[in-house]
Amino acid sequence: FNSNLSIREAEIMKLMVDGLGVGEVAEKLCLSVDTVRTHKRNAMQRVGVHSMSEFVDYTHKNKIFKEE
């Protein structure tokens, strides 16, 4: 894994990149919606993007969630 994301941020963002919404991620990981939003915001700030579409582009360009 080649990013500055924390393990939890990466876990949440992977689920969101795969198409889950904030509420679905919160339910799946037994977290509050606010906690998921905070991790999402922090992850996007760490990689320097301002939207989920930019984040998805970033993950593809940098092969962050690429399956081996």
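Look above for the structure.
Predicted model only: the values in this text are computed from it and were never measured. (Residues numbered from 1 in each chain as written. Predicted model: local features only at pLDDT ≥ 70, side-chain atom pairs only at ≥ 80, totals over all residues. Heavy atoms only, no water.)

Colleague: Help me understand the overall build of the protein, please; the structure alone is not making it clear to me.
Modeller: A tally of helices and strands in the protein yields 4 helices and 0 strands. Compactness check: the protein gives a C-alpha radius of gyration of 11 Å against a globular reference of 11 Å for 68 residues, within 12% of the reference. With the principal axes as the frame, the protein shows a C-alpha extent of 30 × 25 × 20 Å. The burial tally for the protein puts 32% of its 68 residues in the buried class. Within the protein, residue pairs in contact and separated by at least 24 positions form 51% of the contacts whose partners lie at least 6 positions apart. Across the protein, 10 positive and 10 negative side-chain charges occur, with their mean positions spaced 4 Å apart. (Helix = DSSP H or I, 4+ residues; strand = E, 2+ residues; numbered from the N terminus. Rg over C-alpha atoms; globule rule 2.2 N^0.38 Å. Buried < 20%, exposed > 50% of the residue type's maximum accessible area, 1.4 Å probe, protein only. Contact = heavy atoms within 4.5 Å. Lys, Arg positive; Asp, Glu negative; His and termini not counted. Charge placed at Lys NZ, Arg CZ, Asp CG, Glu CD.)

Colleague: So what exactly am I meant to see when it comes to the packing of helix α3 (residues 33-47) against helix α4 (residues 52-61) here?
Modeller: When two helices pack together, their arrangement is given by the angle between their axes and by how far apart the axes lie. As a packed pair, α3 and α4 sit with axes 11 Å apart at the nearest point and diverge in direction by 55°. As the angle between them shows, α3 and α4 are arranged oblique. The handedness of the crossing between α3 and α4 comes out as left-handed. On the side of α3, the interface is formed by Lys-40, Ala-43, Met-44 and Val-47, while α4 contributes Met-52, Phe-55 and Tyr-58. (Axes fitted to C-alpha atoms, helices over the stretch in contact; angles between N-to-C directions. Parallel < 35°, antiparallel > 145°, perpendicular 65-115°, else oblique. Left-handed = near helix turned anticlockwise from the far one by under 90°.)

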